[in-house]
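Reading the structure
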Amino acid sequence: MLLHIYKDYNTLASMAANEIIGVIKSKPNAVLCLATGETPLLTYEMIAIQAIDENVDFSRCTFIGLDEWVNIPPDNEGSCHFFLEKNIFKPLHILNSQIHLFDALEKNLEAECRKMDKTIRENGGIDLMLVGVGMNGHIGFNEPGVPDNLYSHVIALDTITQSVGQKYFRQSTKLQSGITLGLQHFMECRKVIMMASGIKKSLVMRKTLEDKVSTEMPASMIRKHDNGVVMLDEEAAALLKKD
Ligand code: F6R
């Protein structure tokens with residue numbers, strides 16, 4: 001695992017954008033799985049600009065959804081679907097045929113999970129996952145205590161996720177469960193970039209990087225990944241030991 005600490009959020013976002021563009025340049029038909037949320041937002045804005053400036057071609061990439069709030073429709077601004085559409089797919093002119101997201105309104109969510117696992121297998125596995133870290137250490141919706149051998153699954157959301165998640169919605173929204181790729185996908189992915197920014201993430205990043213590796217802190221699993229890169233700004237790294 002590599003750890004990079006950048007002086008501020010802007011620098012972090014621009015370095016993460018470079019990493020992602022670098023993957024596309026070396027493998028134009030890469031399979032990508034990109035988190036939603038506040039952390040990577042500026043990175044995606046930078047990718048959209050860089051893609052034009054550097055003539056980066058995303059037309060052969062495949063996009064896999066990381067997670068979704070169960071029962072939240074895609075036209076709800078707080079949904080992962082809406083976020084990806086607005087911040088990645090539209091700006092990069094990604095076609096529907098390149099996109100595979102969870103349908104969180106599907107009645108048979110178990111079948112939806114198996115469909116996603118099959119899609120990932122048929123596309124040769126995920127080349128790059130970009131993940132954020134929740135205030136409880138989750139990645140995707142892999143909540144504390146999740147088994148480490150799961151692929152896609154439906155999971156009851158931790159109370160922290162339910163309350164922090166309100167920030168994405170205009171009005172108070174019932175967030176009880178999520179559908180998500182599993183830690184098994186995370187470990188099998190060819191490259192993982194984990195991003196965190198701001199002082200509010202400093203404690204969770206110390207636990208992630210310095211306490212024992214455990215699914216009680218799902219983000220800590222990155223320390224077992226063969227090709228994991230953790231990218232932080234100085235605030236998120238504030239509680240790490242100096243060495
Ligand atoms: C979003 C996701 C979540 C977030 C995490 C951090 O697709 O999978 O795990 O990455 O909750 O969210 P932010 O970046 O909003 O702090």
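Now for a quick tour of the structure. Throughout this document, residue positions are counted from 1 along each chain, in the order its sequence is written. This being a predicted model, a pLDDT of at least 70 is required before a residue's local features are given, and a value of 80 or more before pairs of side-chain atoms are given or counted; all residues contribute to the totals for chains, interfaces and linings. With hydrogens and water stripped out, all remaining heavy atoms of the structure feed into the side-chain values.

1. Some points on the site of the ligand
Stated formally: Think of it this way: one heavy atom of a residue within 4 Å of a molecule or strand is enough to make that residue near it. Under the rule applied, a polar contact is a pair of N or O atoms within 3.5 Å (in protein, one hydrogen donor and one hydrogen acceptor; residues adjacent in sequence only if both atoms are side-chain atoms). Methods summary: accessible areas were calculated by the Shrake-Rupley approach with a probe of 1.4 Å, and residue burial reflects only the protein chains presented.
Surveying the vicinity of the ligand reveals 15 residues, the closest of which are T39, D67, H138, Y168 and K201. Between the ligand and the protein, one listed contact pairs an oxygen atom with a side-chain N or O atom of Y168 at 2.5 Å. For the ligand, an oxygen atom lies 2.7 Å from a polar atom in the side chain of K201. Notes on the ligand: free accessible area 410 Å², of which the protein chains cover 94%.

2. Remarks on helix α1 (residues 9-26)
Stated precisely, the cut-off is as follows: Helix and strand definitions follow DSSP, with helices as H or I runs of at least four residues and strands as E runs of at least two, each counted in order from the N terminus. One less than the number of residues in a helix, times 1.5 Å, gives the span that helix is expected to have. Only protein chains enter the accessibility calculation, which uses a 1.4 Å probe; a residue whose area is less than 20% of its type maximum is buried, one above 50% is exposed, and one in between is partly exposed. What the arc describes is the spread of directions from the helix axis to the C-beta atoms. The contact criterion used is simple: two residues touch if any of their non-hydrogen atoms lie within 4.5 Å.
In a regular helix each residue adds 1.5 Å, so 18 residues correspond to 26 Å; α1 covers 26 Å between its end C-alpha atoms and thus fits that length. Considered for burial, the residues of α1 that qualify are L12, A13, A16, A17, I20, I21, V23 and I24. Angular distribution of buried residues about the axis of α1 spans 165 degrees; they occupy a single face of the element. In this structure, the buried residues of α1 make contact with β1 (2-6), β2 (31-34), α2 (41-53), β6 (128-131), β9 (191-196) and β10 (228-233).

3. Points about the nonpolar core
Note the threshold: The definition of a nonpolar core used throughout is a set of buried Ala, Val, Leu, Ile, Met, Phe, Trp, Tyr and Cys residues joined through side-chain atoms within 4.5 Å.
In terms of nonpolar packing, the biggest core is built from 46 residues, with M129, L181, F186, M194, M205 and L232 touching the most fellow members. Elements with a minimum of two residues in this core: β2, α4 (109-122), β6, α6 (183-188), β9, α7 (202-210) and β10. Sequence-distant contacts of M194, defined by excluding residues within four places in its chain, comprise V131, V133, I139, F186, M205, T208, A219, I222, V229, V230 and M231. Counting residues in hydrophobic clusters, the runner-up holds 35 residues, among them I24, V56, L84 and M195.

4. Comments concerning the sheet that holds β2
Short version of the rule: A pair of strands is treated as paired once DSSP finds two or more bridges between them. Whenever a helix is involved, its axis is fitted only over the stretch in contact; in every case the axis is a line through C-alpha atoms, and angles between N-to-C directions fall within 0 to 180 degrees.
One open sheet accounts for seven strands, arranged β1-β10-β9-β6-β2-β3-β5; its pairing is parallel. Edge positions in the sheet fall to β1 and β5 (99-100), since each has one partner strand and no second. As paired strands, β2 and strand β3 (residues 62-64) are joined by three bridges and run parallel to one another. Counterpart to V31 in the pairing with β3 is T62. Of the strands in this sheet, β1, β2, β6, β9 and β10 touch α1, which is tilted by about 165 degrees from β9.

By themselves these figures say nothing about function.
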